[in-house]
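# Examining the three-dimensional arrangement
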Amino acid sequence: MNDQDLLRYSRHILLPQIDLDGQQALLDSHAMIIGLGGLGCPVAMYLAAAGVGKITLVDHDRVEVSNLQRQIAHTDADVGRFKVESAAETLRQLNPAIEICCVTEKATLEWLTAELPEVDVLLDCTDNSSIRYQMNDACIATRTPWVSAAATGWAGQLLVFDARQANTPCYRCLYPQLGTDPAGCAESGVAAPLVGVIGSLQAMEALKLLTGAGKAPLGRLMTYDALHSDWQSWQLNVDPGCQSCQGLSSRQAD
Ligand SMILES: [Zn+2]
């Protein structure tokens, strides 16, 4: 780190749980963000500002006018552009020193499994349930920690998984297959700051995973009900019949 870096990241370095070593770990890290919508925008902006050295943005959608109510990395002038390109421009303005990679292909199990060995943390910011199951299986195969979230209406949820830690549940332990999981917000409404609340929590858990600060809430389902200002949390158990993390065969191709 040079003098400018020490100044830029001084409020991190002052935290004993991060310090110089933690900030250097962030600068040396690679985060991949799937989805640059309501959740992905604040996740990407906080991780870029925090100094995560390389960020890969994955999204094949383009910015629409109806996104602008909550997807804060995109502006009115970005309508029609790829979301990853619009977001990358915002991130470069926030922090010109970091590396941003843009992917406009749809993430598949095969693609994720090939890419994740180079990734330190995966952020699930998609509203596509099918891709979420593929993220789960690819993260187990490659031992990549990941932070999953969903937000719709007035309610959001957050889950952190790390297959490197023994006896911790995976996404399929909670939602065994497609259709048992919560639906996304594509067809329903969503209160604008909700995705900021949940996305900021995702960025926080990623920062903890990358620096080693604190303790990851592995396999704990955390939910936020904005209408009633209510937070809840449940510890999940490993499903001994889980097709993914328990290595049982006959996995369905969701
Ligand atoms: Zn499992």
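Cut-offs used in this document
Residues numbered from 1 in each chain as written. Predicted model: local features only at pLDDT ≥ 70, side-chain atom pairs only at ≥ 80, totals over all residues. Heavy atoms only, no water. Helix = DSSP H or I, 4+ residues; strand = E, 2+ residues; numbered from the N terminus. Rg over C-alpha atoms; globule rule 2.2 N^0.38 Å. Buried < 20%, exposed > 50% of the residue type's maximum accessible area, 1.4 Å probe, protein only. Contact = heavy atoms within 4.5 Å. Areas by Shrake-Rupley, 256 points an atom, 1.4 Å probe, with all protein chains shown as cover. Lys, Arg positive; Asp, Glu negative; His and termini not counted. Charge placed at Lys NZ, Arg CZ, Asp CG, Glu CD. Core = buried A, V, L, I, M, F, W, Y, C linked by side-chain atoms within 4.5 Å. Donors = N, O, S within 2.8 Å, 3.2 Å for Na, K, Ca; no water. Tetrahedral: all angles 85-135°; square planar, octahedral: opposite > 155°, others 65-115°. Expected span 1.5 Å × (residues − 1). Polar contact = N/O pair within 3.5 Å; in protein donor to acceptor, adjacent residues only side chain to side chain. Pairing = 2+ DSSP bridges. Axes fitted to C-alpha atoms, helices over the stretch in contact; angles between N-to-C directions. pLDDT = per-residue confidence, 0-100.

## Here's the deal with the overall build of the protein
Helix and strand counts for the protein come out as nine helices and eight strands. Taken over C-alpha atoms, the radius of gyration comes to 18 Å for the protein, in line with the 18 Å a tight globule of 254 residues would show. Along the first, second and third principal axes, the C-alpha set of the protein runs to 55 × 40 × 40 Å. Each of the 254 residues in the protein was classed as buried or not, and the buried ones make up 50%. Taking as baseline every contact in the protein between residues at least 6 positions apart, the subset at least 24 positions apart corresponds to 65%. When the accessible surface of the protein is summed, it comes to about 11900 Å², and 51% of that surface belongs to carbon and sulfur atoms. Once the 17 positive and 29 negative side-chain charges of the protein are each reduced to a mean point, those two points are 2 Å apart.

## Notes on the nonpolar core
Core analysis: the largest hydrophobic core is formed by 42 residues, its most contacted members being Ile 33, Leu 47, Ile 55, Leu 57, Val 121 and Leu 123. Tallying contributions element by element places helix H9 (residues 192–211) first for this core, with eight residues.

## Regarding the coordination of the zinc ion
For the zinc ion, every protein donor is listed as Cys 170 (SG), Cys 173 (SG), Cys 242 (SG) and Cys 245 (SG), and the spread of their distances is 2.3 Å. Relative to the metal, the four donor atoms surrounding the zinc ion lie at angles of 94 to 123°, and the coordination shape comes out tetrahedral. Sequence spacing among the residues donating to the zinc ion works out to C-x2-C-x68-C-x2-C. Highlighted residues: Cys 173 in helix H8 (residues 171–174) and Cys 245 in the segment after strand E8 (230–235), separated in sequence by 72 residues. Residue Cys 173 is classed as buried on the basis of its relative accessible area of 13%.

## Section: helix H7 (residues 129–142)
In this model, H7 (14 residues) spans 20 Å end to end at C-alpha, consistent with the 20 Å of a helix rising 1.5 Å per residue. A large share of H7 lies buried, amounting to twelve of its 14 residues. Residues of H7 that are buried include every one of Ser 129, Ile 131, Arg 132, Tyr 133, Gln 134, Met 135, Asn 136, Asp 137, Ala 138, Cys 139, Ile 140 and Thr 142, and no others. Its side-chain oxygen 3.0 Å from the backbone nitrogen of Ser 130, Asn 128 forms the N-cap of H7. A positive backbone phi angle near 55° is found at Arg 143, which sits one or two residues after H7.

## Description of the sheet that holds strand E2 (residues 54–58)
Here we have eight strands laid out as an open sheet, ordered E3-E2-E1-E4-E5-E6-E7-E8, and mixed in their pairing. Each edge of the open sheet is held by one strand with a lone partner, namely strand E3 (99–103) and E8. Here the average twist between neighbouring strands, direction ignored, is 15°. Relative to E2, strand E1 (residues 30–34) runs parallel, the two sharing five bridges. Pairing of His 30 across the sheet is with Lys 54, part of E2. Against the sheet, helix H5 (residues 83–94) engages E2 and E3, with an angle of about 175° to E3. The strands touched by H7 are E1, strand E4 (121–124) and strand E5 (146–152); relative to E5, the strand with the most contacts, the crossing angle is about 165°.

## Re H5
For H5, spanning twelve residues, the distance from its first C-alpha to its last is 17 Å, which sits close to the expected 16 Å at 1.5 Å a residue. Of the residues making up H5, those classed as buried are Lys 83, Val 84, Ser 86, Ala 87, Ala 88, Thr 90 and Leu 91. Looking at the packing, one finds that the buried side of H5 touches helix H4 (40–50), E2 and E3.

## A closer look at the confidence of the model for the protein
Across the protein, the average pLDDT comes to 94, with 95% of residues at or above 70. Confidence drops under pLDDT 50 across residues 249–254; counting only partners more than four residues distant or on other chains, this segment forms 13 contacts.

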